[in-house]
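An overview of the molecular structure
In case you want the letters, here they are:
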Amino acid sequence: MLRINGTIDKVAEGSSGGIVTILISSSDKKMIERRRGREAEIGIDDGRSISPEQRRKAYATLRDISNHTGYTVEAAKQVMKVEHMLRMRDSKLISLSDCSMTEAREFINTLLEYSLKEGIIMTESGMQRTDDLDCYFIQCIRYHRCCICGRQADVHHVDTIGMGNNRRYVDDSGKEVAALCREHHTIAHQRGWPRMMSQYHIYGIKKNRVQTAEGEILPEACNGERG
């Protein structure tokens with residue numbers, strides 16, 4: 001997902017809902033014009049400070065990154081602060097002592113994205129670490145990591161395409177998908193998706209919301225009707 005920082009200039013009522021005017025840089029405007037997507041998600045920094053639970057999640061993930069890379073936790077934190085600054089296209093390093101809850105949530109997203117991209121198996125499910133389930137599930141699909149256990153995953157169609165339909169000619173961009181390893185993929189077929197959602201507290205993400213690390217729309221995924 002492309003992330004752009006801006007300032008809310010005006011909030012007004014329109015004929016089909018609210019209209020929010022956001023001031024952004026000229027370079028960001030040009031970048032938006034080049035992109036095909038038109039859906040956007042707005043995050044509001046509410047000014048609240050990082051919570052103890054957010055700090056726990058961040059340091060637990062930093063310890064996992066430390067164990068994987070061989071860096072000390074402190075060294076891993078400094079590297080990930082730079083990674084986060086580049087990801088957010090910011091000009092300053094985050095501080096885990098006094099950042100806002102919104103900034104902490106985004107830093108945790110950066111830590112989880114790095115962990116998924118590098119194939120780091122965390123000491124607990126990423127769902128216990130994230131403050132942003134949508135973002136986590138999208139990252140799992142993007143990097144083909146099981147959203148439940150973190151292992152190598154296939155992309156599982158939650159919404160079936162239907163018997164007799166050729167996937168090459170059916171527009172499935174609005175279908176929901178999830179990243180599941182072989183074991184959890186099998187369980188999903190055996191128990192059905194509603195039970196899977198209830199048991200593991202997961203849900204599908206519409207395919208057109210997800211892009212691969214190379215910026216392309218997801219390749220063909222495993223159909224929910226197949227075993």
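The coordinates are above.
Below or above, wherever it landed, is the structure these notes cover. Keep in mind the model is a prediction, meaning the values are calculated, not measured.

Moving on: the environment of I121. Mapping I121 onto the fold places it in the loop between α4 (101-117) and α5 (126-129). Residues I121 and Q152 lie 31 residues apart in sequence; the distance between their C-alpha atoms is 9.9 Å. With residues up to four places along the chain from it excluded, the contact list for I121 reads C149, G150 and R151.

Ranked by size, the top nonpolar core spans 44 residues in total, and within it Y136, C147, I148, W193, M196 and I202 carry the most contacts. The set of elements that each furnish at least two residues to this core consists of α2 (52-69), α3 (73-88), α4, α6 (133-142), β4 (176-180), α7 (182-191) and α8 (193-200). Counting residues per element, this core draws most heavily on α4, which supplies seven residues. Leaving out residues up to four positions away in the same chain, I202 has contacts with M127, F137, C147, I148, L180, W193, M196 and M197.

As for its placement among the helices and strands, Q54 is situated in helix α2. Taking relative accessible area as the criterion, Q54 reaches 3% and is therefore assigned buried. Other than its neighbours up to four places away in sequence, Q54 contacts M101, A104, R105, I108 and D131.

Next up on the list: a nonpolar patch on the surface. Where nonpolar side chains cluster on the molecular surface, the patch consists of I8, V11, V20, I22, I24, I32, I42 and I44 and spans about 650 Å² of accessible area. Breaking the nonpolar patch down by element, the ones donating at least two residues are β1 (7-14) and β2 (17-23). Counting through the fold element by element, I42 comes out in the loop between α1 (26-34) and α2. Taking the relative accessible area as the measure of exposure, I42 reaches 49% and is therefore partly exposed.

Taken together, the three strands give an open sheet; going across it, the order is β3-β4-β5, and neighbouring strands pair in antiparallel fashion. Each edge of the open sheet is held by one strand with a lone partner, namely β3 (154-157) and β5 (205-206). Across four bridges, β3 lies against β4 in antiparallel orientation. In the strand pairing of β4, H157 is matched with V177. Helix-sheet contacts for α7 involve β3 and β4, and the interaxial angle to β4 is about 135°.

So, how was this worked out
Residues numbered from 1 in each chain as written. Predicted model: local features only at pLDDT ≥ 70, side-chain atom pairs only at ≥ 80, totals over all residues. Heavy atoms only, no water. Helix = DSSP H or I, 4+ residues; strand = E, 2+ residues; numbered from the N terminus. Contact = heavy atoms within 4.5 Å. Core = buried A, V, L, I, M, F, W, Y, C linked by side-chain atoms within 4.5 Å. Buried < 20%, exposed > 50% of the residue type's maximum accessible area, 1.4 Å probe, protein only. Patch = residues over 30% accessible without salt bridge, like charges linked within 9 Å, V, L, I, M, F, W, Y side chains within 5 Å. Areas by Shrake-Rupley, 256 points an atom, 1.4 Å probe, with all protein chains shown as cover. Salt bridge = Lys/Arg side-chain N within 4 Å of Asp/Glu carboxyl O. Pairing = 2+ DSSP bridges. Axes fitted to C-alpha atoms, helices over the stretch in contact; angles between N-to-C directions.

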